[in-house]
Amino acid sequence: MLTIDNKLLDLINDCENQSKKQFDDIERIEFKNQLKVLNAFNENHIQSYHFIGSTGYGHNDIGKEKICDVFASIFHTESAFVSPLISCGTEAISQTLLGILRPGDNMLCISGTPYDTLKKVIYGVEGKDIGSLKDYNISYNEIDLIDNDFDIPAIIKFISLHSPKLIYIQRSRGYSLRNAITISQIGNLIKSIRPYTNAYIVVDNCYGEFTEELEPTDVGADLVVGSLLKNMGGGIAPTGGYIAGKSELIELISYKLTSPALSTDTGSYEPGYKAFFEGVFLAPHVVAESKKLVVITSMCLSKLGYKTIPNTNQPISDIVCTIVFNDKNKLINFSKAIQASSAIDSDSVLEAGEMDGYDDLIIMASGSFNQGSSIELSCDGPMREPYAGYIQGCLTYQHGKIGLMNALRTLQ
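The structure reproduced in this document is the subject of the present report. (Residues numbered from 1 in each chain as written. Predicted model: local features only at pLDDT ≥ 70, side-chain atom pairs only at ≥ 80, totals over all residues. Heavy atoms only, no water.)

Moving on, we come to the sheet that holds strand 8 (residues 307-309). Taking strand neighbours across the sheet as the criterion, the 5 strands line up as 8-9-12-11-10 in an open arrangement whose pairing is antiparallel. Edge strands, defined here as strands with exactly one partner in the open sheet, are strand 8 and strand 10 (362-365). The sheet shows a mean angle of 20 degrees between the axes of neighbouring strands, direction not considered. Taken strand by strand, helix 9 (residues 274-303) contacts strand 8, strand 9 (320-324) and strand 12 (388-392), and its axis lies near 15 degrees from that of strand 9. Along the sheet, helix 10 (residues 328-340) contacts strand 9, strand 10, strand 11 (378-382) and strand 12; its crossing angle with strand 10, the most-contacted strand, is approximately 25 degrees. (Pairing = 2+ DSSP bridges. Helix = DSSP H or I, 4+ residues; strand = E, 2+ residues; numbered from the N terminus. Axes fitted to C-alpha atoms, helices over the stretch in contact; angles between N-to-C directions. Contact = heavy atoms within 4.5 Å.)

Next up on the list: the sheet that holds strand 4 (residues 166-170). With mixed pairing, 7 strands are arranged side by side in an open sheet as 1-7-6-5-4-2-3. Only two strands of the sheet have a single neighbouring strand rather than two, namely strand 1 (79-83) and strand 3 (139-142). For this sheet, the mean angle separating the axes of adjacent strands, direction not counted, is 15 degrees. Two elements, strand 4 and strand 5 (residues 200-204), share 5 bridges in a ladder whose sense is parallel. Paired with Ile167 across the strands is Ile201, a residue of strand 5. Those strands touched by helix 3 (residues 62-75) are strand 1, strand 6 (223-227) and strand 7 (241-245), and its axis lies near 130 degrees from that of strand 1. Against the sheet, helix 4 (residues 89-100) touches strand 2 (106-109), strand 4, strand 5, strand 6 and strand 7, its axis set at about 150 degrees to strand 6.

Attention shifts here to the packing of aromatic side chains. All chains considered together, the criterion is met by 17 aromatic pairs. Considering the side-chain rings of Phe41 and Phe277, the 6.0 Å spacing of their centres and the 70 degrees angle between planes classify their relative orientation as edge-to-face. Of this pair, Phe41 sits in helix 2 (residues 20-43) while Phe277 sits in helix 9, placing them 236 residues apart in sequence. Judged by relative accessible area, which is 1%, Phe277 ranks as buried. Taken together, a centroid distance of 6.3 Å and an interplanar angle of 50 degrees make the contact between Tyr273 and Phe276 tilted. (Phe/Tyr/Trp six-rings, centres within 6.5 Å; stacked < 30°, edge-to-face > 60°. Buried < 20%, exposed > 50% of the residue type's maximum accessible area, 1.4 Å probe, protein only.)

Take the side chain of Ser378 next. Mapped onto the elements, Ser378 comes out in strand 11. Once residues within four sequence positions are removed from consideration, Ser378 is found in contact with Ile338, Ala365, Ser366, Tyr390, Ile391 and Gln392.

Here we take up the pairing of strand 9. In terms of burial, strand 9 is largely enclosed, as 5 of its 5 residues are buried. Side chains Val320, Thr322 and Val324 of strand 9 all project onto a buried face; the interleaved residues Cys321 and Ile323 project onto the opposite face, where all are buried too. Sheet topology places strand 9 next to strand 12; 5 bridges connect them, and they run antiparallel. When the bridges of strand 12 are listed, Val320 appears paired with Gln392.

So, about the pattern of salt bridges. According to the stated counting rule, one finds 18 salt bridges in the structure shown. Across the pair Glu27 and Lys292 runs a salt bridge whose closest N-O atoms are separated by 2.9 Å. Taken together, the residues Glu27 in helix 2 and Lys292 in helix 9 connect sequence positions 265 residues apart. Exposure remark for Glu27: the relative accessible area of 39% places this residue in the partly exposed category. (Salt bridge = Lys/Arg side-chain N within 4 Å of Asp/Glu carboxyl O.)

Here it is as structure tokens:
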């Protein structure tokens, strides 16, 4: 049974009292995003019969069409593809890259090394042809961030020499020790490089949706890609992913997702779409709750002498707080305490293990209603120095506080 530790709760409450300005700002952004979502529902005349699923080929599936229309309205894009048949963010990104790029094309990533699970998508496996970018003779290059911002001179120089077809930005941090990239940074970057290139600008938007008033497509990105097990699913969507942007790109990607003969007209989902509509409707509030936990976690751990990202003075542009433990056992025990604070699988014995797409052993606490849901309270990290933990998500801020209090016990 979880109990109250008055000393730690006093620390959390004290940090909470010092965070009124940040909380007010989070709620202001939540209000703007909730209004945006409500308008998207109303503009597209969503009715209860749109929740009904389909079978077989899924032709004339009005629910599927309408959830796509809602996402396009939210991101202010020409088109969107939203599907429970996309298993995760990595699949959505992979299908996006393979849908747009062709043999001989050049892709440039300008936010440093991408998340671990994309390595095989880009580089493949030595001695095997698995259909990676490398296997299709698509060249890949990357440019590191400098002081957590884009290296615009290096990007412009590369563009002038190599004319990439696609420029890729990973908004969130992955397992790197940096903060999330802000919408302001993305907007400034696009404004700076547009005179030099017509390349498609694609943003991995995972963990970043609704953390700010605007989205990357509002400041010039051609495409955003994400998972419904993260922000946009609101903790309700049981699976799925989305891609939103220019209609010509959505069409190309849809051929990869289904077939060049079929596009998005084909594909059924018999359980129906209620969870997806409800999830995106709740998403602005759930994201706001998660951001509040980021603020409190960062402040509490900073007071205890740990490096956190973001720190208390940095903007929040995703739902993740990085804690640098510099101690393997502290990372493991902190994660175990988060697992023990979950409503689901709280008595599971947590151990670091191998996971698809990762080179290191991973410790992953996620006692979630939807397996692996990152918008629900979770904590994970790779078993490598400096043994950083990544705490993220919470369906309710009060649950996040309880989980944090329980995890802080392990550091006493």
